[in-house]
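# Breakdown of the fold
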There are 2 protein chains.
Amino acid sequence: MDEQVRQHKITLEESEMPTTWYNLVPDLPSPPPPALHPGTHEPAGPEDFAPLFPMDLIMQEVSQERYIDIPGAVLDVYRQWRPTPLFRAHRLEAALGTPARIYYKYEGVSPAGSHKPNTAVPQAYYNKIAGVKKLTTETGAGQWGTALAFACALFDLECEVWQVGASYDQKPYRRLMIETFGAQVHRSPSELTAVGREFLKDPKNLPGSLGIAISEAVEVAATNDDVRYALGSVLNHVLMHQTIIGEEALLQMAKAGETAGPDVIVGCTGGGSNFAGLSFPFLREKLAGNMSPIIRAVEPASCPSLTKGVYAYDFGDTAGMTPLMKMHTLGHDFMPDPIHAGGLRYHGMAPLISHVYELGLMEAISIPQIECFAAGLQFARTEGIVPAPEPTHALAAAVREALKAKETGEETVILTALCGHGHFDLAAYEAYMAGLMSDEEISDARFAEGLATIPSV
Amino acid sequence: MDEQVRQHKITLEESEMPTTWYNLVPDLPSPPPPALHPGTHEPAGPEDFAPLFPMDLIMQEVSQERYIDIPGAVLDVYRQWRPTPLFRAHRLEAALGTPARIYYKYEGVSPAGSHKPNTAVPQAYYNKIAGVKKLTTETGAGQWGTALAFACALFDLECEVWQVGASYDQKPYRRLMIETFGAQVHRSPSELTAVGREFLKDPKNLPGSLGIAISEAVEVAATNDDVRYALGSVLNHVLMHQTIIGEEALLQMAKAGETAGPDVIVGCTGGGSNFAGLSFPFLREKLAGNMSPIIRAVEPASCPSLTKGVYAYDFGDTAGMTPLMKMHTLGHDFMPDPIHAGGLRYHGMAPLISHVYELGLMEAISIPQIECFAAGLQFARTEGIVPAPEPTHALAAAVREALKAKETGEETVILTALCGHGHFDLAAYEAYMAGLMSDEEISDARFAEGLATIPSV
C-alpha cells in the first residue's frame, strides 16, 4: 500500500485562469488560405458570414490579433468549472510499468461533460448581445448539442438542435440531457427543412450525418432574421475559444515541475477544436523556441481526414451551403462507418489545423476503435474516469507512447486532453467488453467515392 | 449582461483538505443505543460483526475518538477529486428573486459521480490490508455499486454487486458503469443465494428491494472466508467517512465570508450518510456554541422513516440477518413505491441520525417527488448541473427556504449538499417534462402493514 503523498491533480487558482484566448494565426510563418464564396469562388468577406454568425464572431474568425479578451460575462460562467484540473496518471503509469510521465487535462468536469462549453458559452453570449433570439445547430453523439443548450439556457436564448438520426435513435440519454437544458431536438434528416426533405427522398440518408444536420441547421438560420447558427468545431473562432485548455495546461505543466514542457502531445481530432485547444498554445512556445514537443493528432481509422484525405477546397456541409474551406477532406459526401466515437465522424478537418499540418508543424496518425476502447477501459479501471469514445483515441496513442518509453527506458513526458466523460456512451463499452466490437474496414473504393465529391475550385 | 466578477466556486487547496474524519458520538449529550445480536438480543460485540467487516472498520463503528486519521493511501485517492467545490448558486438565486444566499457542496465531481466514494475507498482499503479478496454489496439506483466497483478496481479487490431488480431492469447504464469498473452485477433477488431463492418463490418480491439485496450480499460474505460485505450508508463508520464533506464545507463557508455559518442546512436522507456527512461537523460547532444552524433532513414522501416511522430496534435487511439497530424505521418488510430517487428507498434511518433526531438536534420533513423534480429542472437550467433525483429533495427544500426569505426579506444563508449528478437518471426528467410523473400516495394501511413487521425487542 503506497502511503506517500503523490500529486495527482495540478490545480490553478481562479485568479490564475487566463483572461484571453490565443489566436495562432499571426504566429504562423504563412497565413491560412481564405474561405471562398460557394457561388463565386471569390474570397468570402464578413458579409458572406453575416446570415449565420454575429459580427463579433466573424471578426474573431478573421482576426490577426494574437490575444483576444474573454468578456467578463463569459469568464463569470467559465469560473463555474474552470480552471479545469490537469492530472498526472500515476496509476495508469504503474499499470503500464512505464517510466513515462503521463498527464491529462480533464475537460469532463464542465456542466455538459466535455470541452464544448468553452466555445458554446461565448457563442451564446455574442449572439445574445447582437439581439439574436434563437440559435440552431447540429449534433452527432450529442456533446455539442448539450453544451449549446446549456449556454443558451444561461443567456435566455432559444436553441434548436438537429441530431444525426443514428445517434438520435441510439443515444436517447444525450437527447434527454439537451431537452433537460430546455432546447428542442429534431432527428436529422427532418421534414422541417427543404434540404431535410430532399435528403429523405433517398433511404440511404435515413441514418443522417453531421454534414446533413449542418445543412438543416444552416438553412433555418439563413432564412430567419433573428436566428443564427452555431458550429461546435472547425472554424477559427471555435478553435480559438478552446485555447484556454492549452493556456491553462501550460501553467499547470510548469507547476508540476515539467518546465521543459511535454515531449509529446497527443489529442483526438474530429473537427479539431479539442486538439487545437490543447496544442496551439504549446505550438506558440515551440515556434518561439521555448519548447520542442512533438504534436500528434489521432483520428479514427473510419474517418481519417488528415491521413487519408486530400488538401483541397470543400464544403463544410453535405448540401454544399457553406463557404468553401481549404482543408483535409474525405469529400463532403463521404459517409463514415457508424463507429462509437460519433464526435470524430466529420468528413473534413479544421482549415487552420490543415494548414498547420501542411506546414509540417504537427503529425497525424489513425487508430482503429478496438485498440482505443482497450485503452479506455484500462484508463477507467486505473484512473477511475470512464472516457468518452472520442478521447479513447488520444489515450490509445498515449499508451503506445508510454509502452515505447518502457522499451527504451526514456522518461518521456506525455500530455493529452481527456475532452469528455463517457457517461452516455456505456453501450459502447458493453459492446467492447462482450467482444462484439469490430474495427473499421473502409475499402479504397469507398474513399475514392468520397474524394470524387470534392468540387474543383 | 453582468460583467462583474462574482465568486461562484469556493475552492480549497489540496493542502487544506482535512486529514481526519470526525466522529460525532463523543460530542453528543448521551450515547446512541448499541446494536443487538439478532438471536440473543444482547448488545452486539465486535466479534458479531467480524464475519462481515474487517476489524479496523468495526473499531471505527464503535469508536469514542473524536477524530480518526485518514490513511495516506486513502488521502492519495481522495486527492483525485477532493477537496470538492462549494458553489454559490447566484443564477438560481436570481431566478427565484430571493435575498437568500444559497450554497451547495457538489460531490458529483467524484469518479463515480456522487459522495459514495468517500466511504467506498476507505472500506476497500481496510479490507485490502486485512487480506480480504472480494467485497459483496447491494445497490439500488447504482450510485453505491459504482463507487465500490471503482474503489475495488483501485485496490485490486474483486467486487460482486446485487442490484435491486427494478433498477437493474430500468437503468442499464448504471449497471454498465459498474461493469466498466470491473465488478460483477446480479439482478436481485437472484438464484445465487439461499435467501434470494426463498424470496423468488413469491412473485411480489420480483422487483426486489434494498433490504432483499442486502440479505443476499450479506449471506455471501458471511458464508465465505475471504469475502466481506460493504455497506454504503446507515452505519456509524460510513457516516464518519462522509464527514469530510462537512469539514471542507466549514472551511469553504468561512472563505466565502459566511463566518456566522449557515442559517439553515438541508440535506436529503435515504440511509443518511450524505446528510450526516454534510451536517455533523456543523452540528459539532452548534453543540460548541459557535454556530446556530437549523439542520433539516428531507425525505421522500414515499419512504419517510423519520417523519412517519417509529423509533425502535429493527433489522437492516429484509431477511433479518443483520444485527438489530435502534432507528426510525417503517418496518424491514416495508416496500416503498418505485419512485425515481432509488437511493432514498430504504426502510430505516441511520441509528446515529435517529438518535440525534430524538435528542431534538435536527428537524425532518418529507417532500413528494413532483416538487423535487421541478426544483431539479430549475436548478439544471440555471446552475447548469443536472442533479440526481435524490438531491432534488434537498434542492426543493432549499427553494422553499429561499422563497420564504423572499417573502420576509431576510438574507437567509442556506447550505445544501448536491450529492450527485443525474446523468443516469434522465428518464426520470423525461417523465417529469412529459407530465407523466405522479406523486407518492401511500395509504395509512400500507404504513401500518410495514410497521407491523418490526420485531418486539
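Criteria and cut-off values
- Residues numbered from 1 in each chain as written.
- Chains lettered and ligands numbered in written order.
- Predicted model: local features only at pLDDT ≥ 70, side-chain atom pairs only at ≥ 80, totals over all residues.
- Heavy atoms only, no water.
- Helix = DSSP H or I, 4+ residues; strand = E, 2+ residues; numbered from the N terminus.
- Rg over C-alpha atoms; globule rule 2.2 N^0.38 Å.
- Buried < 20%, exposed > 50% of the residue type's maximum accessible area, 1.4 Å probe, protein only.
- Contact = heavy atoms within 4.5 Å.
- Lys, Arg positive; Asp, Glu negative; His and termini not counted.
- Charge placed at Lys NZ, Arg CZ, Asp CG, Glu CD.
- UniProt positions renumbered as here; feature names shortened; annotations may be inferred.
- Least-squares fit on C-alpha atoms with pLDDT ≥ 70 in both.
- Buried area = accessible area lost by both parts, 1.4 Å probe.
- Salt bridge = Lys/Arg side-chain N within 4 Å of Asp/Glu carboxyl O.
- Polar contact = N/O pair within 3.5 Å; in protein donor to acceptor, adjacent residues only side chain to side chain.
- Pairing = 2+ DSSP bridges.
- Right-handed = clockwise from strand over helix to strand, strands pointing away.
- Axes fitted to C-alpha atoms, helices over the stretch in contact; angles between N-to-C directions.

This brings us to the overall build of chain A. Tallying secondary structure elements over chain A gives 18 helices and 15 strands in all. Here the C-alpha atoms of chain A give a radius of gyration of 21 Å, agreeing with the 23 Å that 2.2 N^0.38 yields for 457 residues. In terms of overall dimensions, chain A has a C-alpha envelope of 65 × 50 × 45 Å along the principal axes. Burial analysis of chain A (457 residues in total) assigns 67% to the buried set. When contacts within chain A are restricted to residue pairs at least 6 apart in sequence, those whose partners lie at least 24 apart make up 77%. For chain A, the distance from the average site of its 33 positive side-chain charges to the average site of its 55 negative ones is 4 Å.

Glancing now at the UniProt feature "domain: Tryptophan synthase beta chain-like PALP" (unreviewed entry) in chain A. In the numbering used here, UniProt assigns the "domain: Tryptophan synthase beta chain-like PALP" (unreviewed entry) feature to residues 80-420 of chain A. End-to-end, the C-alpha atoms of residues 80-420 of chain A are 16 Å apart, and along that stretch the chain is 44% helix and 19% strand.

Once chain A is rotated about the relating axis by 180° and shifted along it by 0.0 Å, it coincides with chain B to within an RMSD of 0.0 Å. Here the copies are linked by what is in effect a two-fold axis. An overlap of 100% is found between the interface residues of chain A and their copies at the interface of chain B, pointing to a shared contact surface.

In this assembly, 56 residues from chain A lie in contact with 56 residues from chain B. Across the chain A to chain B interface the summed buried area is about 4700 Å²; carbon plus sulfur atoms make up 54%. Ranking the residues of chain A by area buried against chain B places Gln80, Tyr173 and Thr180 of chain A at the top, with a combined share of 15%. Inspection of the region where chain A meets chain B yields two salt bridges. Across the salt bridge formed by Glu430 of chain B and Arg175 of chain A, the nearest N and O atoms sit 3.7 Å from each other. Scanning the region where chain A abuts chain B turns up 15 residue pairs in polar contact (both at pLDDT 80 or more). Counting only elements with at least two residues in the side of chain A that touches chain B, the list comes to helix H3 (72-78), helix H5 (117-129), helix H6 (143-154), helix H8 (172-180), helix H15 (369-383) and helix H17 (426-433) of chain A.

Of note, the bond from Arg82 of chain B into Pro83 of chain B is cis; its omega dihedral lies within 30 degrees of zero at -10°. The step from Ser188 of chain B to Pro189 of chain B runs through a cis peptide bond, and the omega angle for that step is 5°. Here Pro189 of chain B lies in the loop between strand E8 (184-188) and helix H9 (194-200). Even without being a glycine, His41 of chain A presents a positive backbone phi close to 65°.

A separate point is the side chain of Thr322 of chain B. All names here are of chain B. Along the chain, the position of Thr322 falls in the loop between strand E12 (310-315) and strand E13 (324-329). Assessed through its relative accessible area of 9%, Thr322 is described here as buried. Within the structure, Thr322 has its side chain in polar contact with the backbone nitrogen of Gly316 (distance 2.8 Å). With sequence-adjacent residues up to four places away left out, Thr322 is seen in contact with Pro38, Ile214, Phe315, Gly316 and Asp317.

A separate point is the pairing of strand E7 (residues 158-164) of chain B. Residues and elements named next belong to chain B. Within E7, six of the seven residues are buried, which leaves it mostly tucked inside the rest of the structure. Pairing of strand E6 (residues 134-139) with E7, which is carried by six bridges, proceeds in the parallel orientation. Residue pairing across strands places Thr136 opposite Glu160, the latter belonging to E7. Note that the unit made of E6, helix H6 (residues 143-154) and E7 has a crossover that is right-handed. As paired elements, E7 and E8 share five bridges and run parallel to each other. Directly across from Trp162, in E8, lies its bridge partner His186.

All names here are of chain B. Relative to the elements of secondary structure, Pro293 occurs in the loop between helix H12 (273-287) and strand E11 (294-300). With relative accessibility at 0%, the residue Pro293 sits in the buried group. Taking the C-alpha atoms as reference points, Pro293 and Pro262, separated by 31 residues in sequence, lie 5.7 Å from one another. Each residue touching Pro293, except ones within four places of it in the same chain, is listed here: Pro262, Asp263, Ile265 and Lys286.

Our next topic: the sheet that holds strand E5 (residues 101-106) of chain A. Within a sheet, adjacent strands bond to each other through the backbone by hydrogen bonds, running parallel or antiparallel. Residue and element names in this part refer to chain A. If you walk across this open sheet you meet the seven strands as E1-E4-E5-E15-E10-E11-E14, and the pairing is mixed. Whereas interior strands pair on both sides, the edge strands pair on one side only; in this sheet they are strand E1 (9-10) and strand E14 (363-367). With three bridges connecting them, strand E10 (residues 264-268) and strand E15 (residues 413-418) associate as parallel partners. Across the sheet, residue Ile265 finds its bridge partner in E15, namely Leu415. Against the sheet, helix H11 (residues 236-255) engages E1, strand E4 (86-88), E5 and E15, with an angle of about 140° to E5.

With that settled, consider the sheet that holds strand E7 (residues 158-164) of chain A. Residues and elements named next belong to chain A. A sheet is described by the order of its strands in space; here four strands give the open sequence E8-E7-E6-E9, paired in parallel fashion. Of all strands in the sheet, those bounded by a partner on one side alone are strand E8 (184-188) and strand E9 (227-229). Pairwise comparison of adjacent strand axes, ignoring direction, gives a mean angle of 25° for this sheet. Running at roughly 165° to strand E6 (residues 134-139), H6 makes contact with E6 and E7 of the sheet.

Residues and elements named next belong to chain A. Structurally, His90 can be placed in helix H4 (residues 90-96). For His90 and Glu61, which are 29 residues apart along the polypeptide, the C-alpha to C-alpha distance reads 39 Å. Beyond its immediate chain neighbours, meaning those up to four positions away, His90 contacts Arg6, Gln7, His8 and Glu383.

Right, let's get into the pattern of salt bridges. Opposite charge on two side chains lets them pair, provided their charged atoms get close. Residue and element names in this part refer to chain A. The final tally for this structure, using the stated rule, is 40 salt bridges over all chains. Between Arg88 and Glu93 there is a salt bridge, with the nearest N and O atoms lying 2.7 Å from each other. A residue is classified by how much of its surface remains accessible, and Arg88, at 16% relative accessible area, is buried. Among the residues examined, Glu93 registers a relative accessible area of 7% and is labelled buried. For the salt bridge of Glu285 with Arg284, the shortest nitrogen-to-oxygen distance reads 2.9 Å. Through salt bridges with shared partners, one network takes in Arg82, Lys105, Glu107 and Glu248.

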